Amino acid sequence: MLGRTAASLFWMSRYMERAENIARLTEVGYRSALTPNSGGGHREDWRSILVAAGCLDAFEAKKRPATPEAIRAFLLLDRDHPSSVRSCVEIARNNARSVRTALTSEMWEALNSTWNELADLQPERIGPARLPEFLDWVRQRSAMFRGATIGTLLRTEGFHFSQIGAFLERADNTARILKMKYAVLLPGTGSSDRNAYQWETILRSVSAHRSYRHFFQEAYRPNNIAEFLILRQEMPRSLRYCTDQVQASLASLVELTERGQMGLALAGARYGKLAQVQIDALLRDGLGAFLDQFIIDTAEMAEAVADEFHFV
Amino acid sequence: MLKKQAYVAGGSPEAYDEMLQADGTPRPQYAELTRWLEGQTRDGFRHKQQEADAIFRRSGITFAVYGDAAASERLIPFDLIPRILAASEWRFLQRGIEQRVRALNTFLYDIYHRQEIVRAGRIPAEMVTGNSAFLPEMMGFDPPRNVYAHIIGTDIVRTGAGGFFVLEDNLRTPSGVSYMLENREAMMRLFPELFAAHRVAQIEQYPELLRQTLESVAPAQCDGDPTIAVLTPGMFNSAYFEHAFLADQMGVELVMGSDLIVEDGALFMRTIRGREQVHVLYRRIDDDFIDPLNFRADSLLGVPGLFDLYRAGKVTLVNAPGTGIADDKAIYAYVPEIVEFYTGEKPILNNVPTFRCAVDDECTHVLDNLQDLVVKEVHGSGGYGMLIGPHASKMQRREFASRIQANPSNYIAQPTLSLSTCPSFESNGIGPRHVDLRPFVLVGDQIRITPGGLTRVALKKGSLVVNSSQGGGTKDTWVLED
């Protein structure tokens, strides 16, 4: 397999995952604007969503007033912003197109029809009232693509590069969401209405507000939330679960190609830590610093993989 | 019901109709199809047409139209009614094509070696060495098996009483073979009953034969199994789908220039396991772009040093650089001479009569008769830069005449051919549409011609332009076995 093919599969999945995450974050912003009593807070919410999406600087560079409409348009439709939903779909599809033969027709079809429909949808003309519908659509299309990949792609090198791309992106996304709100998860945070609302926001942005209830069978508690999103293997968007998936795919690649030991070592060390640490200890030692390091490590892991498998 | 009498043969009185004879009865090879057509309904056809579109769209079989950003990926219209050739017609075409490609490959060897044909005074020297498609860098080099043009798409038209003529030889990087294969796939899904009722010669072996052909011309220095790759300019090229399709069907890598590297006297591709040597490169980029060190320095599509490796016999380029000289439209006029010179036989397939504007008398004739002629640029392709006299306005003809006068040797002209017609699906039922034919030829350890080829059809009523870039479509093409 060409290094370029591996890179395209990695980025294809990474950008589809990102499109979904951006849609989810946008939904959180949209909801908070509808919530009474968040006062002037929802302006801050939009700002923190830009931070979580890793694109506050890019938005500010546009020198536009930070209205909810402008931020929404930036996150969803901006063609110049590489992480807008529209750009994500475009980049994912271009990557897919450049390695068509490495995909199954189901995967190509899922991506290509998403791209076609997005062009037909004219999302500019979707007003706030139909925004949730559009965001649902993005999530459905991402799920369809993921389903096609898992359901049809041979478990050879290509599959693993696709998996690594998707799960590094997801890990990065969950870490950034936690980072934007970690202050309300620190020990001693009271359970005021305001905080309860913030906790709900965190869970919603990873679509975990319902599964939290099923899993813990109790009211939102910051320790539980942190544990759920960081350490629980049962939670498919947790840092631990994502790391486990990356590790598993890297292990398969090492077996298939006798390369990738560096990436695997990084993933293994990270997984070992996440599997052993207790949430109380993690909070006590500093959640902010932990998350910062996690985000840096994720980027390092991506670089190791790109390097070892000749992505350029 | 689609009544037989609804179909009137021929778009114009002089056009040969592929299905019906002059008395309105079907030719034998169309007898079964005619019966079948009578049983079809317009709605049924419309439904099948939608199904066909869905099949093609799903497979991603698109082509790009240059200069049309909004529709940068379109489907080539597919016509549901197959074009049928009788076994005897095909045998004749096959013999004629084989003779021609053999002669053209010998011609290429000759002009890049001793140039006997020039010495013999059969072709003026300036037509060869003064031609911009001539590559002096190829002089004295022996490609594996002495084959220059391995992959060829000979454009053939049928006119008048039904004679076949060669319109273009296409010895550089002919495209369209993926449409031939996908059209057959679609037809077998849409109309299995037709295949049960006819003995249609198979074509699906093409990718395997292509692979065998490429393997057969591996460099002599390659002693194990040769590694093959397809070189594409990238996904924005109009034929990108085909490049990916062929690589996939052969089970080889589809590479871009940036995936390749010349190192330690060999060509390598960069894989996830490190570098892997490539022995045969089926390149789908033009000569000018294959190697920025030897040709266009600004090219990012090729590989620095590739041509030197080729000349050193370390890698085989398919087709060889410099084949363009033999399908140049100015040389085209000499192909009958070329065939006779190298084979000692009369050409089986004739050229379309061609006037060379480079020759004074012929140029005058062209300028005096622009309203009846088709004028083409010598190096043009794809239906661009041509004038169809009868369909052009006075203004357009005047404007074109001044272009010819400014640079006569850049143009040739041919009579407007009344291409044969074939029944095609239209909104009112079935109507005659003009068609041509591009059979695909492989030259390696032997010459292999896939039965049939790609039939292109001018879907606009009365139109003679079959190019997909100009609104043409395609049809499945059948050769019936005896």
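Residues numbered from 1 in each chain as written. Chains lettered and ligands numbered in written order. Predicted model: local features only at pLDDT ≥ 70, side-chain atom pairs only at ≥ 80, totals over all residues. Heavy atoms only, no water.

What follows deals with the pairing of strand S14 (residues 373-377) of chain B. Residue and element names in this part refer to chain B. Of all the 5 residues making up S14, 4 are buried; the element is thus mostly covered by neighbouring parts of the structure. Bridge count for S14 against strand S16 (residues 411-415) is 5 bridges, and the pairing is antiparallel. Its bridge partner being in S16, Val374 is matched across the sheet by Gln414. Bridge count for S14 against strand S15 (residues 387-388) is 2 bridges, and the pairing is antiparallel. Bridging from a neighbouring strand, Val374 pairs with Ile388 of S15. (Buried < 20%, exposed > 50% of the residue type's maximum accessible area, 1.4 Å probe, protein only. Helix = DSSP H or I, 4+ residues; strand = E, 2+ residues; numbered from the N terminus. Pairing = 2+ DSSP bridges.)

On to the packing of aromatic side chains, then. What the rule picks out here adds up to 31 aromatic pairs over all chains. Residues Tyr112(B) and Tyr148(B) carry aromatic rings whose centres are separated by 6.0 Å and whose planes lie at 25 degrees to one another, so their mutual orientation is stacked. Here Tyr112(B), found in the loop between helix H3 (87-111) and helix H4 (116-119), pairs with Tyr148(B), found in the loop between helix H5 (125-129) and strand S2 (151-153); they are 36 residues apart in sequence, far enough to count as distant. With respect to class, Tyr112(B) is no different from Tyr148(B); both count as buried. When the centroid spacing of 6.1 Å and the interplanar angle of 40 degrees are considered together, the rings of Phe307(B) and Tyr310(B) count as tilted. One end of the pair is Phe307(B) and the other is Tyr310(B), both in helix H10 (residues 306-311) and 3 residues apart, which spans about a single turn. An identical accessibility class is assigned to Phe307(B) and Tyr310(B); each is buried. Put simply, the rings of Phe10(A), Trp11(A), Tyr15(A), Phe161(A), Phe309(A) and Phe311(A) touch in pairs and so form one group of aromatic residues. One residue, Arg155(A), lies across the ring of Phe159(A), its end atom 3.8 Å from the ring centre. One Lys or Arg, Arg270(A), reaches over the ring of Phe294(A) and ends 3.6 Å from the middle of that ring. (Phe/Tyr/Trp six-rings, centres within 6.5 Å; stacked < 30°, edge-to-face > 60°. Lys NZ or Arg CZ within 6 Å of the ring centre and 35° of its normal.)

Take the interface of chain A and chain B next. It is common to give the size of an interface as the accessible area that goes away when the parts come together. Between chain A and chain B, the residue contacts involve 25 residues of the former and 21 residues of the latter. Across the chain A/chain B interface, buried area totals approximately 2000 Å², and carbon plus sulfur atoms make up 49% of it. Where chain A touches chain B, the interface holds 2 salt bridges. Among the ionic pairs, Glu157(A) bridges to Arg273(B), the shortest N-O distance being 2.6 Å. Along the contact surface separating chain A from chain B lie 10 residue pairs in polar contact (both at pLDDT 80 or more). Contributing elements (two or more residues each) for the side of chain A that touches chain B: helix H1 (3-34), helix H5 (85-98), helix H6 (105-121), helix H8 (157-181) and helix H12 (239-257) of chain A. The class makeup of the residues in the side of chain A that touches chain B is 10 nonpolar, 7 polar and 8 charged. (Contact = heavy atoms within 4.5 Å. Buried area = accessible area lost by both parts, 1.4 Å probe. Salt bridge = Lys/Arg side-chain N within 4 Å of Asp/Glu carboxyl O. Polar contact = N/O pair within 3.5 Å; in protein donor to acceptor, adjacent residues only side chain to side chain. Nonpolar A, V, L, I, M, F, W, Y, C, P; charged D, E, K, R; others polar.)

A separate point is the pattern of salt bridges. Residue and element names in this part refer to chain A. What the rule picks out here adds up to 52 salt bridges over all chains. The partner of Glu169 in a salt bridge is Arg14, with the nearest N and O atoms 2.8 Å apart. Taken together, the positions of Glu169 in helix H8 and Arg14 in helix H1 put the pair 155 residues apart, joining distant regions of the chain. For the pair Glu169 and Arg14, one class covers both residues: buried. Within this structure, Glu17, Glu20, Arg24, Arg146, Arg170 and Arg237 form a network of salt bridges that share partners.

This next bit is on the sheet that holds S16(B). Strands pair in a sheet through their backbones, by hydrogen bonds, and they do so in one of two ways: parallel or antiparallel. A sheet is described by the order of its strands in space; here 4 strands give the open sequence S13-S16-S14-S15 (chain B), paired in antiparallel fashion. Every other strand in the sheet has two partners, leaving strand S13 (355-356) and S15 of chain B as the edge strands with one partner each.

Residues and elements named next belong to chain A. By secondary structure assignment, the location of Phe167 is in helix H8. Taking the C-alpha atoms as reference points, Phe167 and Ser142, 25 residues apart in sequence, are found 14 Å from one another. What Phe167 contacts, discounting residues up to four positions off in sequence, is Pro236, Tyr241, Cys242, Gln245 and Val246.

Every other side chain in a regular strand lies on the same face of the sheet, so the side chains alternate between the two faces. Residues and elements named next belong to chain B. Counting buried positions over the 5 residues of S16 gives 4, a clear majority of the element. One ladder, built from 2 bridges, connects S13 with S16; its direction is antiparallel. Each bridged residue has a counterpart across the sheet, and for Arg356 the counterpart in S16 is Ile412.

Let's shift gears to unusual backbone geometry. It is generally the case that most residues other than glycine have a negative phi and that most peptide bonds are trans. Look at the link from Val318(B) to Asn319(B): it is a cis peptide, with omega at -15 degrees. Within the element layout of this structure, Asn319(B) appears in the loop between strand S11 (316-318) and helix H11 (329-332). Here the phi dihedral of Gln217(A) falls at roughly 55 degrees; this positive angle occurs in a residue that is not glycine. With respect to the helices and strands, Gln217(A) occurs in the loop between helix H10 (209-216) and helix H11 (222-230). A relative accessible area of 66% means that Gln217(A) is categorised as exposed.

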